[in-house]
Amino acid sequence: MKVSKNWLGEYLDLSKYSDEELFQEISFHVCEIESYKKMVEATNLSIGKVLECVNHPDSDHLHVCQVEIKPGVVSQIVCGAPNVQAGKKVIVALPGAVLPGNFKIKPSKIRGVESNGMLCSLQELGIEEKYVDEEFKNGIYLFDDDAEVGSDPLKYLGFDDSVIDLEVTSNRSDLLSIEGVAFDVAATLNQKVYPIQPEFEVSDKKNPMSVKVLTDKCYKYNARYLANVKIKPSPLWMKARLIASGIRPINNVVDITNFVLMEMGEPLHAFDANKLGNEIVVRQAYDGEKLVTLDEQERELNSEDIVITDGKEAVCVAGVMGGLSTEVDDNTKDIVLEAAYFDPLSIRKTSTKIGLKSESSTRFERKVDYDRVERALDYACQLMQELADAEIYDGVASDVKVVVEPKYVTITTDKINKVLGTSLIDKEVLDIFDRLAYDYQVNGKEYTIKLPSRRMDLEPSVQDIIEDVARIYGYAKIPTTIAKTRDRGYLTYKQKRTRLIRQILAFMGLNEVVSYSLISERELGYYLEEVKEPVKVLMPMTEDRAVLRESVLNGLIDAIKYNKARKNENLALFEISNVHTKDSEDLHLGIALNGLYSSHLWKGEKQVAGFYLLKGIVEDLFQKLNFKVTYEPYTGIKSFHPGRCAKIIHNGKMVGFLGELHPKFAKENDVSGTVAFEMDLAELISEDNGLKYKPINKFPSIQRDLAIVVNKNVSAEEILTLVRQTGKKYLTKVEVFDVYTGENVKEDEKSIAFTMTFEDSTKTLEAEEIDKVINQILNRLDRELNAKLR
């Protein structure tokens, strides 16, 4: 919600508060502030009058102007705007001025001609082009004749203002209006707010409209008839208020409805009376009923939507947007002004379904003030009479379907103090109630409060009242205490293991990331062998965020792509996060590497992301966690290279995989050279790691190397498994250190060399004992794998 400080100042005395003080008061007592800035960040501006305008001697589009920048002070300025001409009053940025973007104005020569300043367009002052009148979009801004030379152009335009952008939570719909914000700020500053009480003259003619509500989703509907309306531009002060609120001025009639919307939080709609007729019927739409809205889009509705009709045809999607058939245009003479209260849930469903979010729908779906509807309608009528010369017919056509009764809550000072831990006395509590403009009755020690209708967030619960008291009293004043408990917090085994995994990977130089859990349905199977039934978002804001991911690699690979696109190379990322299917929620670990993993220029060493580097990181992790795994070739996932991918087996069950992305897939997604790993952490964090510490062996170990020749289809893992099983009595370690194919080895065979370490904790091993184990290993390799000693 963008709030004009000047507009707020019409309700409150803000002259005693600096911008910094007001920022603090609102932040601590009302709501968070997204930004607080001047409407126009420009200095040293003046209204000037062009006395003379001649063509530049060395340009076909520049003009040399003599401009009266102050009464009796003339300065020469070169200007290239096509609409500059003698006799017009303009915005002048004088030497020393600073425009948005830190653009400094100083005397200069433009093609040999001196120029002492700049004639400005509104865009050059930082006003977005969508807010600029069509006649000034391609040139400088021209003032009316009543503008005084030498005066402040920002003050004349109403741009001498600050805009406070509030971060309004979904429950505080009362803060979606200037009046609502004024009430809360007034409570903070201990001031009174006097709401606008509209006054206007009523014609002798009777309102010809009839209103009938046929659905209980429209609580009440009011319509006034205004004749002889003159469509014209809005005055500058109204335009400035709307621009500060982020709304584009259109014409006086439309602008008045938007102005009341922003000031009172009540959406209004104006129909062209001659196009509408004299009958309004509010009903549920028919299934398949179609309506062309003001944005010229055809909308298909169903029976859950509310429509405003002329008795036959739908002319407006209630609470969302009006229809094109009854649009107010330049030829409109008479209008029907609508003010209503619609069911919030119904408006939200309609707005989401047809993909149309508006200022009106936002307020209706968060609830508007039921009691303010008629006052907002009358205020709009007052402005229509003042700014559009409207003749207001007598009477309001109205139909009430649901009456919203006031809510009450009873509370005591003791209850407030007990919850907040404060020592407030009755007088202090009542003072806060008065500042909040509560209507209350005192019955002994109890206070019965009639909840203000403007505060749609308040429910008949003491908790809401206590929260309001705490907010106005000041959270900083509430004493801080340590909770009294005998319980001591601790980490579960799973939490400890998960934290350890994070520490190990971080110590190895990887960076943890947290990525978005929602992805598009198209991306769901990128890193899966089989897609299970996904969890779908019922009403996704975008198709790119429609389902919950089933793999953490979706987020990790996207992070690689995002960083590479911004020239941030050499990435080593990991993520521990939940993945979801319709039937399960599992914790997964993912790793993705790209570019250089490490580089020692003084040694001339580089480690580039690759399959074996990733495998080494994963094996190091598993070793530290005492997690025993084996590897097998894996071709189940199409996005991975079929010859550089392995599945990870633990206790005969696949728990994860690692590999290099398929070159074609990687190129299409701008992540070439990426390797990735993913596993389900259920086994890794749920079982005891079985680690047992023992003293370092005091007896020497013996190392032996073997090189064997086997068929190329035999994996190293098969060989190592047999070696471990056969030599397990003394064998403590076995590692492959060479693989060879070529001379003296057949084409369908390969040579694998590995080193073995033997130990005995009770004695020094003899060579004969080791030779015996080596022979057993060779015999078994020969028998089961047809492996021969090289």
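Scroll up to find the structure.
Here the structure is a predicted model, which means the values were calculated and not measured.

Caption draft 1: Structural detail: the sheet that holds strand β43 (residues 788-789). Spatially, the four strands line up as an open sheet ordered β41-β42-β40-β43, and their pairing is antiparallel. Single-partner strands in this sheet number two, and they are β41 (731-740) and β43. Running at roughly 150° to β41, helix α19 (residues 716-726) makes contact with β40 (702-711), β41 and β42 (749-758) of the sheet. Against the sheet, helix α20 (residues 767-785) touches β40, β42 and β43, its axis set at about 15° to β40.

Caption draft 2: Representation of the nonpolar core within the structure. Among the nonpolar cores identified, the biggest contains 97 residues, and Tyr221, Ile280, Ile308 and Phe342 are the most heavily contacted of them. For this core, the element with the most residues is helix α10 (residues 373-388), which contributes ten residues. Discounting residues that sit within four places of it in the chain, isoleucine 280 has contacts with Met209, Ser210, Val211, Lys212, Tyr221, Ala223, Ile308, Thr309 and Val336. The next biggest cluster of nonpolar side chains, apart from the first, holds 42 residues, and it includes Val40, Ile77, Leu157 and Ile243.

Caption draft 3: Up close: the side chain of threonine 350. Within the secondary structure, threonine 350 sits in helix α8 (residues 344-353). With near-sequence residues (within four places) excluded, threonine 350 lies in contact with Glu304, Asp305, Val317 and Val320.

Caption draft 4: Highlighting the pattern of salt bridges. Applying the stated criterion across every chain yields a total of 46 salt bridges. Where glutamate 575 meets arginine 549, a salt bridge forms, and the shortest distance between an N and an O atom there is 3.0 Å. On the criterion of sequence distance, the pair formed by glutamate 575 in strand β32 (residues 571-580) and arginine 549 in the loop between β31 (547-548) and α15 (553-565) is long-range, its members being 26 residues apart. Among the salt bridges present, the one from lysine 615 reaches glutamate 619, with a minimum N-O distance of 2.7 Å. Here the residue lysine 615 and the residue glutamate 619 both occupy positions in helix α16 (residues 611-624), the gap between them amounting to four residues, near one helical turn.

Caption draft 5: Representation of the environment of leucine 14. Mapped onto the secondary structure, leucine 14 falls in the loop between α1 (5-8) and α2 (19-29). According to the relative accessible area criterion, leucine 14 is buried, its value standing at 8%. Residues leucine 14 and glycine 489 lie 475 residues apart in sequence; the distance between their C-alpha atoms is 49 Å. Sequence-distant contacts of leucine 14, defined by excluding residues within four places in its chain, comprise Lys5, Leu8, Gly9, Leu22 and Leu189.

Caption draft 6: Structural detail: the packing of aromatic side chains. Throughout the structure, instances matching the rule amount to 21 aromatic pairs. On the basis of an interplanar angle of 45° and a centroid distance of 5.5 Å, the ring pair of phenylalanine 433 and tyrosine 438 is categorised as tilted. The class for phenylalanine 433 is buried, based on a relative accessible area of 0%. Here a set of aromatic residues connected by ring pairs shows up, and it is made of Phe136, Tyr141, Phe143 and Tyr156. For the cation-ring pair, arginine 283 lies above tyrosine 286, with the distance from its terminal atom to the ring centre recorded as 4.0 Å.

Rules behind the numbers
Residues numbered from 1 in each chain as written. Predicted model: local features only at pLDDT ≥ 70, side-chain atom pairs only at ≥ 80, totals over all residues. Heavy atoms only, no water. Pairing = 2+ DSSP bridges. Helix = DSSP H or I, 4+ residues; strand = E, 2+ residues; numbered from the N terminus. Contact = heavy atoms within 4.5 Å. Axes fitted to C-alpha atoms, helices over the stretch in contact; angles between N-to-C directions. Core = buried A, V, L, I, M, F, W, Y, C linked by side-chain atoms within 4.5 Å. Buried < 20%, exposed > 50% of the residue type's maximum accessible area, 1.4 Å probe, protein only. Salt bridge = Lys/Arg side-chain N within 4 Å of Asp/Glu carboxyl O. Phe/Tyr/Trp six-rings, centres within 6.5 Å; stacked < 30°, edge-to-face > 60°. Lys NZ or Arg CZ within 6 Å of the ring centre and 35° of its normal.

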